Each structure stands twice: as C-alpha cells, then as structure tokens.
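# Understanding the architecture of this molecule
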Amino acid sequence: MNIKDGIPILRNAVETGVETARKVGVPVDGIKQTFDATVKPYVMRKMAENMIRFVRRTGFRVRQMVPGYVEAEMPLKGNENHIGTMYAGAMFTLAELPGGLLTLSTFDSKRYYPIVKEMTIRYLKLAKTDLRLEYHLNEVQIAALEAEADEKGKADFELDGELVDRNGEVVATTHGKYQIRTKGT
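Here's a quick rundown of the structure.

Rules of the game
Residues numbered from 1 in each chain as written. Predicted model: local features only at pLDDT ≥ 70, side-chain atom pairs only at ≥ 80, totals over all residues. Heavy atoms only, no water. Pairing = 2+ DSSP bridges. Helix = DSSP H or I, 4+ residues; strand = E, 2+ residues; numbered from the N terminus. Salt bridge = Lys/Arg side-chain N within 4 Å of Asp/Glu carboxyl O. Buried < 20%, exposed > 50% of the residue type's maximum accessible area, 1.4 Å probe, protein only. Phe/Tyr/Trp six-rings, centres within 6.5 Å; stacked < 30°, edge-to-face > 60°. Axes fitted to C-alpha atoms, helices over the stretch in contact; angles between N-to-C directions. Contact = heavy atoms within 4.5 Å. Expected span 1.5 Å × (residues − 1). Arc of directions from axis to C-beta. Polar contact = N/O pair within 3.5 Å; in protein donor to acceptor, adjacent residues only side chain to side chain.

### Quick look at the pairing of strand β1 (residues 61–66)
Pairing of β1 with strand β2 (residues 69–74) involves five bridges; the strand directions are antiparallel. Along β2, the bridge assignment pairs Val62 with Ala72.

Shown next, in the form of structure tokens:
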C-alpha cells in the first residue's frame, strides 16, 4: 500500500471509531474535524513529498498545507549546479509543484483534480541558500472556482509567487496557470 491510499483508510477508521464511540455514549464531537484539520494535512504533505520519485530525490518539503494555503521549501544541498548555486530545474520544481498541492488540499479530491497549463519563472539572483515559496487562494476564489468547475467541468486560475532565500531575498518570481477539472472531464 502506498501513502496515497492511506487517507481513505484512515478516514474510514476514524468514522468507524466515531460511530462506535457514539453508540456506547462516548462524547465524540470534533473528532472528525480534528482528523480533517491535523491527520489529513499531515498525510497529504507526506504524500506530496514522496509521490513523485524525482521530487523525493530533490529533498522538496511541504512546510504547511491547509485549504487555501501551501508553503514549500527546496534545500540547496543536493540541488547545486556547476557554480554551487541552486540548479534552475530545482527552482522550477519548487515553483510548479505547490500549485497542484494547493488544489489537492483545497478542493475535494473525489470531485476535482489539478493540472498545470503554463508556468513561467524569472530568475532574479543566484540562489545560494535553501528556498521557500507560498501560494494562497482565499475563500471567495475557492467558491468561485468550485462553482465554475461544477458548471463547465473545469476552472482556470493563476498563482503568482516568490522564491525567497534564507536571508529573505527574492531570488525568482513565478507565474503559473492552473486548472481544476471535475472527475470525468
């Protein structure tokens, strides 16, 4: 079994345990919400870091992943180029992958799946340290994307980000065009 299969198994175990506890009179308010707020994000972070072997080899890490927000990092160590700074491909991976992860943590994965349509990156400075990046979607954007995807089968959105080094310097800017699609389209 891979980690991707773990979320439904854990959710089922929680739901079964909650129902059993409820039947015998144990107070269970909030257990399912706790699962969704803590266990599910942890499993999704681990899945994201390990699902694609190439990404796993880079040392890519998800620092935080909750509905509407993702923060990720890429270590310099192991991703150096011929001059000792971060390889452009590692920087691009840090720019692209979190957009898909944001959709997975924000939208119901039983109903929607993400694709990247276009990604641009502007390299501004040499990256001499580990880098981090964050993406956001607010509640209004999320609701609008779900409504459009439900109506049309898909919804496009854009994410802008900054790759920031350990000193707080922006070393690259990104612009990604993503899409969520309903399952079956």
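### Remarks on the pattern of salt bridges
What the rule picks out here adds up to eight salt bridges. The salt bridge partner of Asp150 is Arg111, with a shortest N-O separation of 2.8 Å. A residue pair is termed long-range when its members are at least 10 positions apart, and Asp150 in helix α5 (residues 139–152) and Arg111 in the loop between α4 (88–106) and β3 (112–123) qualify at 39 residues. For Asp150, a relative accessible area of 45% translates into the label partly exposed. Judged by relative accessible area, which is 38%, Arg111 ranks as partly exposed. The salt bridge involving Arg166 is made with Asp130; its shortest N-O contact spans 3.0 Å. On the criterion of sequence distance, the pair formed by Arg166 in the loop between β5 (154–165) and β6 (170–182) and Asp130 in the loop between β3 and β4 (131–136) is long-range, its members being 36 residues apart. Residue class for Asp130 comes out partly exposed when judged on its relative accessible area of 25%. Shared partners join several salt bridges into a network, and the residues in it are Arg63, Glu71, Glu73, Asp130 and Arg166.

### Focus on the packing of aromatic side chains
One pair of aromatic rings is described through two measures. These are the centre distance and the angle between the planes. On inspection of all chains with the given rule, the structure shows two aromatic pairs. Taking 6.0 Å as the distance between ring centres and 70 degrees as the angle between the ring planes, the aromatic pair formed by Phe107 and Tyr112 counts as edge-to-face. One exposure class covers both Phe107 and Tyr112, and it is buried. Relative to Tyr178, the ring of Phe157 has its centre 5.8 Å away and its plane inclined at 20 degrees; by these criteria the two rings are stacked. Of this pair, Phe157 sits in strand β5 while Tyr178 sits in strand β6; the two residues are 21 residues apart in sequence, bridging distant segments of the chain.

### Quick notes on the pairing of β2
Among the six residues of β2, six are classified as buried, and the element is accordingly described as predominantly covered. Of the two faces of β2, the one carrying Tyr69, Glu71 and Glu73 and the one carrying Val70, Ala72 and Met74 are both buried. Linkage of β1 to β2, two consecutive antiparallel strands, is achieved through a turn of two residues, within which Gly68 is found at a positive phi near 85 degrees.

### Things to note about the sheet that holds β3
Spatially, six strands are ordered β1-β2-β4-β5-β6-β3 in an open sheet, and the strand pairing comes out antiparallel. Strands with a single pairing partner mark the edges of an open sheet, and in this sheet they are β1 and β3. Strand-to-strand twist of the sheet, defined as the mean angle between neighbouring strand axes without regard to direction, takes the value 20 degrees. Direction of pairing for β3 relative to β6: antiparallel, over a ladder of 11 bridges. Bridge pairing links Ile121 to Thr174 in β6.

### Structural notes on the side chain of Thr85
Inspection of the secondary structure assignment puts Thr85 in the loop between β2 and α4. Setting aside anything within four residues of it in sequence, one finds Thr85 in contact with Leu76, Asn79, Glu80, Leu126, Ala127 and Lys128.

### A word on α5
Taking 1.5 Å as the rise per residue, α5 with 14 residues should run 20 Å; its terminal C-alpha atoms sit 20 Å apart, in good agreement. Listing the buried residues of α5 in full gives Ile142, Leu145 and Ala149. Buried positions in α5, seen along its axis, are confined to an arc of 65 degrees and lie on one side of it. Seen from the buried face of α5, the exposed residues on the opposite side, beyond 90 degrees, are Glu139, Val140 and Glu151. Looking at the buried side of α5, the elements it contacts are α4, β3, β5 and β6. N-cap assignment for α5: the residue whose side-chain oxygen lies 3.0 Å from the backbone N of Val140 is Asn138. Downstream of α5 by a residue or two, Gly153 has a phi angle that is positive, lying close to 90 degrees.

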